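Topology and contacts: notes
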Amino acid sequence: MSLSQPGPGTVLVTGAAGGIGAAVATALAPGAAVLALWDRDPRVREVAAALTAAPPHRASARPLITAAEVDVADPDAVATAFDALTAAHGAPDVVVHAAGVHNGESALEVTAAAWQHTLAVNASGTMHVAQRAARAMVTAGRGALVVVTSNSAATPRVGMAAYGAAKAAAAAYTKALALQVAPHGVRVNLVSPGSTDTAMLRGMLADGAPPLDDTARRGLLDGDPDAYRLGIPLRRIADPGDIAAAVRFLVSDDARHITMHDLRVDGGATLDM
């Protein structure tokens, strides 16, 4: 399937109720015949309704957009939803796994319950979705899969021990999967965002999810020496659309010879290490 030009195909996006997932869904809608949106949050149906009501993109045919409440940490829920999608519209040609949760407890304070939950969603959830998608793509002999991880998967962060560990596990699994399915014509890549202006980021910085104020924004741009955190060399915080653009490239035919790649989208915050 080519997402450089409109064409037939089924696209699945997880974590699509908001933030990066919703931005990815918006970016991929013009190139899909069917766009399936999953999220544990029922607001995923609002995103689907908004995309359905949006004017067609240029001369593109309007895609059929569906939404389902799916908890990616539950392997049975993933299997049921995937089987339903395949039965109705065929196996997806493109899958973008953006579902995830944040945990801000320190390495000394994270509880066993919080640790298990973070890994269940961010690591096991990746395996549940990516494995099921890859099996179908291997059978078809084609497909593109992108997993959204985090720059914290490769760079230690104070206060993000469980989150970083879970994202690192997800990245390691995804790369091993990419290696195994490459001979079958299936491409698997990762996108690793840094600080991105989403409700998740706002929730990390304040109680609730208010817009970032000047102090919070300056703190992210300048970094925090006490937390061994560099600032952002490009001097801007990512918009979800920045991450969606990277995903759109990796699932398109423009990236047909790219697999096992981890595309860092963090404004240089981790020096691309």
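Residue numbers run consecutively from 1 along every chain, following the written order of its sequence. Given that this is a predicted model, residues contribute local features only at a pLDDT of at least 70 and side-chain atom pairs are listed and counted only at 80 or more, while totals for whole chains, interfaces and linings are drawn from all residues. For side-chain calculations, the full set of non-hydrogen atoms in the structure is used, while hydrogens and water are omitted.

As recorded by an unreviewed UniProt entry, the chain carries the name SDR family oxidoreductase and is attributed to Nocardia jiangsuensis. According to UniProt, the comment filed for the chain under the heading Sequence similarities (unreviewed entry) is "Belongs to the short-chain dehydrogenases/reductases (SDR) family." UniProt positions are given in the numbering used here, feature names are shortened, and annotations may be inferred rather than shown by experiment.

**Description of the sheet that holds strand E5 (residues 143–148)**
At least two bridges found by DSSP between two strands are what make those strands a pair. To qualify as a helix, a DSSP run of H or I must reach at least 4 residues; to qualify as a strand, a run of E must reach at least 2; elements of each kind are numbered from the N terminus. Ordered in space as E3-E2-E1-E4-E5-E6-E7, the seven strands form an open sheet in which the pairing is parallel. Of all the strands in the sheet, the pair left with one neighbour each is strand E3 (64–69) and strand E7 (262–265). The average undirected angle you get between the axes of adjacent strands in this sheet is 15 degrees. Two elements, strand E2 (residues 34–39) and E3, share six bridges in a ladder whose sense is parallel. To obtain an axis, a line is fitted to C-alpha atoms, over the contacting stretch when the element is a helix, and the angle between two such axes runs from 0 to 180 degrees between their N-to-C directions.

**Points about the pairing of E2**
Most of E2 is tucked away: six of the six residues are buried. A simple rule labels every residue: compare its accessible area, found with a 1.4 Å probe on the protein chains alone, to the largest value its type can have, and call it buried under 20%, exposed over 50%, or partly exposed in between. Burial along E2 is two-sided: the face carrying Val-34, Ala-36 and Trp-38 and the face carrying Leu-35, Leu-37 and Asp-39 are both buried. Note: strand E1 (residues 10–14) against E2, five bridges, orientation parallel. Paired with Thr-10 across the bridge in E2 is Val-34. Viewed with both strands pointing away, a crossover whose connecting path from the first strand over the helix to the second turns clockwise is right-handed. In terms of handedness, the path from E1 via helix H1 (residues 19–28) over to E2 forms a crossover that is right-handed.

**Overview of the packing of H1 against helix H8 (residues 240–251)**
Between H1 and H8, whose axes approach to 8 Å, the crossing angle comes to 50 degrees. Classified by the interaxial angle, the pair formed by H1 and H8 is oblique. You can see that H1 and H8 cross each other, and the crossing is right-handed. Counting all contacts with H1, which are made through Gly-19, Ile-20, Ala-23, Val-24, Ala-27 and Leu-28, the residues of H8 involved are Pro-240, Gly-241, Ile-243, Ala-244, Val-247, Arg-248 and Val-251. Residues are sorted three ways: Asp, Glu, Lys and Arg are charged, Ala, Val, Leu, Ile, Met, Phe, Trp, Tyr, Cys and Pro are nonpolar, and all the rest, Gly among them, are polar. Residue composition of the contact of H1 with H8, by class: ten nonpolar, two polar and one charged. By definition in this entry, angles of less than 35 degrees are roughly parallel, angles greater than 145 are roughly antiparallel, angles of 65 to 115 are roughly perpendicular, and the rest are oblique. Two helices that cross are described as forming a left-handed crossing if the nearer one is turned anticlockwise from the farther one by less than a right angle, and a right-handed crossing if clockwise. The criterion used for residue contact is that any of the two residues' heavy atoms lie within 4.5 Å.

**Observations regarding the UniProt feature "transmembrane region" (unreviewed entry) in the chain**
In the numbering used here, UniProt assigns the feature "transmembrane region" (unreviewed entry) to residues 12–38. Counted over residues 12–38, helix gives 37% and strand 30%. Its end C-alpha atoms are 8 Å apart.

**Considering unusual backbone geometry**
Within the chain, Tyr-228 stands out as a residue other than glycine whose phi angle is a positive 55 degrees. When you line up the elements, Tyr-228 lands in the loop between helix H7 (214–222) and H8. Phi is positive for Leu-271, close to 55 degrees, though the residue is something other than glycine. The topology assignment puts Leu-271 in the segment after E7. The exposure class assigned to Leu-271 is exposed, which follows from its relative accessible area of 53%.

**Brief notes about the side chain of Thr-270**
The topology assignment puts Thr-270 in the segment after E7. For Thr-270, a relative accessible area of 5% puts it in the buried group. Two N or O atoms form a polar contact when they lie within 3.5 Å of each other; inside protein one atom must be a possible hydrogen donor and the other a possible acceptor, and for residues adjacent in sequence the pair counts only when both atoms belong to side chains. Reaching out from Thr-270, the side chain makes a polar contact with the side chain of Asp-266 at a distance of 2.6 Å. Ignoring sequence-local partners within four residues, the contact set of Thr-270 consists of Asn-151, Thr-155, Arg-157 and Arg-264.

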